[in-house]
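# Observations on the three-dimensional arrangement
The chain contents come next:
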Amino acid sequence: MKIKILNRDFLTALNNVGKVISSKPIEPILSNILLEEENGKISLISTNLEQGIKNTVEAKVELQEGEPKETVLPFNLTREIIAKLNPDKETELSISEMKGIIKQDNSVYHLTCFDPDAFALLPKIEEKVKIVVPKNTLKKLIENTVFAASKKEESRKEFKGVLFNA
């Protein structure tokens, strides 16, 4: 699979999904990101088994028959490489079995990829009730209740959240 993507968009997506990656993950695979092709777009997925983020980005994707549609990239290394490349140029990502190559101009980086079957999948959520709340209202609701959520009580996770009930 070959992917051509504007470097700025790729870096933004990496930074977004990196927000849930733990510095001390339960499983080593969780310190990485799942990259998958979906209808000509690229999705980056990360999880820490409690939270997950999926960010879909426009890209030019060339997929040959028999090539993998997904892989797991080392997050820190990938983000470090992409951050150093020119943000206004396209970056080319070539993915094969367990290898990834990042290219831009004369720069070429080789990465070892991981088995996507070992990555934890995000649950499929069925939309039963849809609630539309203006952004400013939601922000005010969160600001008025988040002070009650514990920041220190690690052993009882139910104290770290805020109940949202419609």
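In what follows, the accompanying structure is described. Small disclaimer: the values here were computed from a predicted structure and weren't measured.

Turning next to the pairing of strand E6 (residues 70–74). Most of E6 is tucked away: 4 of the 5 residues are buried. Where strand E2 (residues 32–38) meets E6, 5 bridges bridge the pair, whose relative direction is antiparallel. Bridged to Glu36 within E6 is Glu70.

Let us now look at the pattern of salt bridges. The final tally for this structure, using the stated rule, is 6 salt bridges. Close ionic contact of Glu38 with Lys54 constitutes a salt bridge, the shortest N to O distance being 2.9 Å. Placement of the pair is Glu38 in strand E2 and Lys54 in strand E4 (residues 52–58), with a sequence separation of 16 residues. Taking relative accessible area as the criterion, Lys54 reaches 40% and is therefore assigned partly exposed. Glu90 is the salt-bridge partner of Lys60, the closest N and O atoms lying 2.9 Å from each other. Taken together, the residues Lys60 in strand E5 (residues 60–62) and Glu90 in strand E7 (residues 90–96) connect sequence positions 30 residues apart. According to the relative accessible area criterion, Glu90 is partly exposed, its value standing at 37%.

Our next topic: the sheet that holds strand E9 (residues 107–112). Strand order in the open sheet made by the 5 strands is E5-E1-E7-E8-E9, with antiparallel pairing throughout. Either end of the sheet is taken by a strand with one partner, and the two such strands are E5 and E9. Adjacent strand axes in the sheet meet at a mean angle of 15° when their direction is disregarded. As paired strands, strand E8 (residues 99–104) and E9 are joined by 6 bridges and run antiparallel to one another. Its bridge partner lying in E9, Gln104 is registered against Ser107. Relative to the sheet, helix H1 (residues 7–17) contacts strand E1 (2–6), E7 and E8, its axis offset from that of E1 by approximately 95°. Along the sheet, helix H2 (residues 75–84) contacts E7, E8 and E9; its crossing angle with E9, the most-contacted strand, is approximately 175°.

Looking now at the side chain of Asn55. Assignment of secondary structure puts Asn55 in strand E4. Not counting residues within four places of it along the chain, the set of residues in contact with Asn55 comprises Ala13, Asn16, Val17, Ile42, Ser43 and Leu44.

What counts and how
- Residue positions are counted from 1 within each chain, in the order its sequence is given.
- The model is predicted, so local features are restricted to residues of pLDDT at least 70 and side-chain atom pairs to those at 80 or more, both for listing and for counting; the totals for chains, interfaces and linings are taken over all residues.
- The side-chain quantities take in all heavy atoms of the structure and omit both hydrogens and water.
- With a 1.4 Å probe rolled over the protein chains alone, any residue whose accessible area is under 20% of its type maximum counts as buried; one over 50% counts as exposed, and the rest are partly exposed.
- The way it works is that DSSP assigns letters per residue, a run of H or I at least four long becomes a helix, a run of E at least two long becomes a strand, and they are numbered from the N terminus.
- Whether two strands pair comes down to DSSP finding at least two bridges between them.
- Here, a salt bridge means any Lys or Arg side-chain nitrogen found within 4 Å of an Asp or Glu carboxyl oxygen.
- Under this scheme, a helix contributes an axis fitted over its contacting stretch, all axes are lines through C-alpha atoms, and angles between N-to-C directions fall in the 0 to 180 degree range.
- Whether two residues are in contact is decided by their heavy atoms: any pair within 4.5 Å suffices.

Read these as spatial facts, not as claims about activity.
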